[in-house]
Amino acid sequence: MIAIIDYGAGNLHSVKNALDFLGANSIITGSSEEILKADKVILPGVGAFGDAMGCLNGSGLADTVKLTAESGKPLLGICLGLQLMFEESEESPGAEGLGIFKGKTVKIPDGENLKIPHMGWNSIKITKESKILKNIGGEPYVYFVHSYYIKAEDADVVSAYTEYGQRLDIAVERSNVFATQFHPEKSGETGMRILKNFIALKA
């Protein structure tokens, strides 16, 4: 069973639909008990960093996500779910993130002919051997909607980046924890392959 965390700030149904399409057993839930019992967990997210952390803290789910990360079971963050795994964000000064990864998220710098938010299809470059980004081709295209990107303290956790005016790190992986800035559930065949890889993981 895959638990998709419902904390009031997630793009839940498109993730659920993608998992249903792949034949995976999943549930949308805000129950800590159900999340901790699940075999795998997905932390989706859209919206502002501070608001989302307020929802996670208010519901007690922030601790549930941290316990999941420590448990050894596969945990996947998507879009804002990636950013929430870091310590802080320029988007919401003073709001404390989950701190699963050290570092922060910063605004994509303005540049000539660059639209912010960065929205649409971009190719990515995979930077290390990855359990969920395997078998998806050399520089596959995936779908983004974001104005902020991660700056990890430990470069070794970064598993992929994209070019948008400059290098933007957009995926991390360490042990059982994975996260992508792009939306696998909206990224066509490439995204389905990534979700398949996640579904196939063993705790």
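Read on for a plain summary of the structure. Computed from a predicted structure; not experimentally measured.

As a further point, take helix α6 (residues 188–199). Over its 12 residues, α6 extends 16 Å from the first C-alpha to the last, a length consistent with the 16 Å expected when each residue adds 1.5 Å. Residues Thr-190, Gly-191, Met-192, Ile-194, Leu-195, Asn-197 and Phe-198 constitute the buried set of α6. Where α6 is buried, its residues meet α1 (12–21), β3 (40–43), β4 (75–78), β8 (141–146) and β12 (177–180).

Our focus in this paragraph is α1. Those residues of α1 that sit buried are Leu-12, Val-15, Lys-16, Ala-18 and Leu-19. Buried residues of α1, viewed axially, fall in a sector of 160 degrees; they line one side. Across α1 from its buried face, at more than 90 degrees, point the exposed residues His-13, Asn-17 and Phe-21. Phi for Gly-23, located one or two positions after α1, is positive at around 80 degrees.

By the element assignment, Ser-159 lies in strand β10 (residues 158–163). On the basis of relative accessibility, which here comes to 1%, the residue Ser-159 falls in the buried class. Remark: the alpha-carbon pair of Ser-159 and Val-106, spanning 53 residues in sequence, is separated by 18 Å. Filtering out sequence-adjacent residues up to four positions away, Ser-159 remains in contact with Lys-125, Ile-126, Thr-127, Lys-128, Leu-133, Ala-171, Val-172 and Glu-173. A distance of 3.5 Å separates the side chain of Ser-159 from the backbone nitrogen of Val-172, its partner in a polar contact.

Applying the stated criterion to the full structure yields 3 salt bridges. A salt bridge links Asp-169 to Arg-167, with the shortest nitrogen-to-oxygen separation between them at 2.8 Å.

Conventions we followed
- Residues numbered from 1 in each chain as written.
- Predicted model: local features only at pLDDT ≥ 70, side-chain atom pairs only at ≥ 80, totals over all residues.
- Heavy atoms only, no water.
- Helix = DSSP H or I, 4+ residues; strand = E, 2+ residues; numbered from the N terminus.
- Expected span 1.5 Å × (residues − 1).
- Buried < 20%, exposed > 50% of the residue type's maximum accessible area, 1.4 Å probe, protein only.
- Contact = heavy atoms within 4.5 Å.
- Arc of directions from axis to C-beta.
- Polar contact = N/O pair within 3.5 Å; in protein donor to acceptor, adjacent residues only side chain to side chain.
- Salt bridge = Lys/Arg side-chain N within 4 Å of Asp/Glu carboxyl O.

Any functional reading would require information that these geometric values do not contain.
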